[in-house]
Amino acid sequence: MRRPSLFVPAALVMLACACGGGGQDNPGSSDGAGGSGGAAATTTSAGPGGGGGGGGLGTHPTEPSTPTRGGTMTFTNVGAPGWWPRRIDREAGDPACTYKDGTDTWGGHCCMKEQHTMSTTLAPFDEEMTLIMKAIRLKQLAVYQPGEDPSSWSMVSSWDAQSGHGSNLVVTEGQMTSADFTGDLTKKDCVNYFMQETPFACGDGKDYYCPNDPGINHLGWKGSKLIVFLASMTFDDAGVEKCDGGGQGHPGPWVAFVASELIRDGGRKWNGLCNCYSKTGTVGDGCGEINVFEVVMDNNQYSNREFMSTGVRSFQAGHVGGNVCGEGCDRDAFADDVEVVDACAKKAYTNGPEIAVGGDSDGCPVWRRPIGDRYFMILLDEKQRQIQVAVIHPDKVPAAAAEMLPSLPGGLSRTTIDALLSMRLPE
């Protein structure tokens with residue numbers, strides 16, 4: 001499909017730093033070079049109003065805003081056999097270094113092997129994944145996964161701003177440790193990592209590299225998973241400081257869901273010469289990264305603070321989706337109730353677009369940056385081999401999501417999961 005040069009995939013715009021938010025969070029920032037010394041802010045068992053851990057969260061108050069019809073982007077045909085480069089801890093010259101036997105970003109030794117998978121159901125996104133957020137005001141967060149009974153999914157991790165606590169969740173921001181996580185990530189442009197409370201067992205490290213970074217050495221979520229959170233991206237850009245406190249920060253909201261081993265390869269994604277992000281050195285055709293919601297603000301023709309990109313990257317097909325609506329786009333050209341638009345045709349979708357991994361796409365879908373509170377969702381399902389991304393207004397919850405929203409209960413039926421996957425918002 002031909003597309004105007006302005007609407008290039010966001011991955012090409014952001015490739016130099018393989019990050020969100022224009023590269024403000026770097027090896028010299030509080031994230032720490034080489035992945036050293038990070039600490040975790042642990043949210044423990046929820047108190048009153050906090051919920052989670054199987055009990056559900058309950059309805060959270062929302063701020064009034066113009067109701068919208070919601071939007072979805074549905075990625076189909078997800079998962080295929082293949083491989084990505086995996087960092088392992090072996091000496092130089094070790095025959096196990098089948099992909100690379102050289103140096104990392106900071107001059108240390110880098111040994112990598114080819115990590116193969118025969119899985120066809122969501123691979124590589126069936127591996128452990130870690131949630132990343134910045135420049136967003138979070139109010140609730142819930143993670144659901146199927147248990148032994150495939151007919152039901154349970155809330156396995158959660159957090160609620162009304163208590164400031166959660167269940168089975170650790171949140172790491174650089175080297176800062178806080179027992180009181182407020183959810184307001186708009187004051188500084190720091191990258192925040194969300195994982196399960198259980199530590200990741202590194203073993204002897206020879207066949208799976210683990211940095212000396214306890215803040216991110218925690219389990220991600222493996223297999224099928226549903227992340228849903230209530231949040232706002234409405235704030236004063238001028239009020240965002242740099243992560244180190246040194247002046248004006250980068251105010252671009254970013255939500256990503258990435259392979260956990262990518263942030264463990266050293267430098268939390270910043271070890272560009274020794275991580276699993278890409279096997280060709282181009283767009284992330286490696287261990288898997290999803291830019292779920294990314295506002296591109298890099299002071300160039302691709303940037304526009306009023307729109308968000310969603311892109312999927314892995315060895316299966318390189319970069320899929322990830323369109324941007326640059327300086328030629330005007331949010332006011334669309335009706336107030338619109339969430340998802342075609343950046344190439346400059347039209348609002350009447351039904352949520354589908355993007356087939358390795359296949360066709362319904363135009364060049366992007367999101368209008370929401371004004372006010374929204375429920376944001378990313379659902380990765382092995383059974384249907386789909387990734388469903390959704391934005392839902394609290395006052396316009398569709399019937400398919402009624403079991404889940406706004407109450408965020410402790411469990412969901414498989415029927416609801418299938419209904420969420422079938423949504424094509426607006427409908």
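K.L.:
When you look at the packing of aromatic side chains in this model, what are you seeing that I'm missing?
P.N.:
The description of two aromatic rings rests on the distance between their centres and on the angle between their planes. Going through the model one piece at a time under the given rule, you end up with seven aromatic pairs. Look at Trp 84 and Phe 315: their rings are 5.9 Å apart centre to centre, the planes differ by 15°, and that puts the pair in the stacked class. Of this pair, Trp 84 sits in strand E3 (residues 82–88) while Phe 315 sits in the loop between strand E15 (307–314) and strand E16 (318–321), and the two are 231 residues apart along the sequence. Using a relative accessible area of 9% as the deciding quantity, one classes Phe 315 as buried. Ring plane angle 75° and centroid distance 6.4 Å describe the contact between Phe 307 and Phe 334, whose orientation is recorded as edge-to-face. With Phe 307 in strand E15 and Phe 334 in the loop between E16 and strand E17 (340–342), this pair connects stretches of sequence that are 27 residues apart. Ring-pair connections join several aromatic residues into one group, and the members of that group are Phe 229, Phe 293, Trp 367 and Phe 376. The positively charged end of Arg 87 is found above the aromatic ring belonging to Tyr 209, 4.0 Å away from the centroid.

K.L.:
Mind showing me how you'd approach the pairing of strand E10 (residues 169–173) here?
P.N.:
Residues in a regular strand project their side chains so that they alternate between the two faces of the sheet. Burial within E10 is extensive, with five of its five residues counted as buried. The alternating pattern of E10 places Leu 169, Val 171 and Glu 173 and Val 170 and Thr 172 on opposite faces, both of which are buried.

K.L.:
How should the pattern of salt bridges be read in this particular structure?
P.N.:
Working definition: two side chains of opposite charge can pair if their charged atoms are close together. What the rule picks out here adds up to 20 salt bridges. Between Asp 213 and Arg 268 there is a salt bridge, with the nearest N and O atoms lying 2.8 Å from each other. One end of the pair, Asp 213, is in the loop between strand E11 (192–195) and strand E12 (225–232); the other, Arg 268, is in the loop between helix H2 (260–264) and strand E14 (289–294), and 55 residues separate them in sequence. Exposure remark for Asp 213: the relative accessible area of 1% places this residue in the buried category. Residue class for Arg 268 comes out buried when judged on its relative accessible area of 0%. When the shortest N-O distance is used, the salt bridge between Arg 331 and Glu 306 registers 3.2 Å. Here Arg 331, found in the loop between E16 and E17, pairs with Glu 306, found in the loop between E14 and E15; they are 25 residues apart in sequence, far enough to count as distant. Among the residues examined, Arg 331 registers a relative accessible area of 12% and is labelled buried.

Analysis parameters
Residues numbered from 1 in each chain as written. Predicted model: local features only at pLDDT ≥ 70, side-chain atom pairs only at ≥ 80, totals over all residues. Heavy atoms only, no water. Phe/Tyr/Trp six-rings, centres within 6.5 Å; stacked < 30°, edge-to-face > 60°. Helix = DSSP H or I, 4+ residues; strand = E, 2+ residues; numbered from the N terminus. Buried < 20%, exposed > 50% of the residue type's maximum accessible area, 1.4 Å probe, protein only. Lys NZ or Arg CZ within 6 Å of the ring centre and 35° of its normal. Salt bridge = Lys/Arg side-chain N within 4 Å of Asp/Glu carboxyl O.

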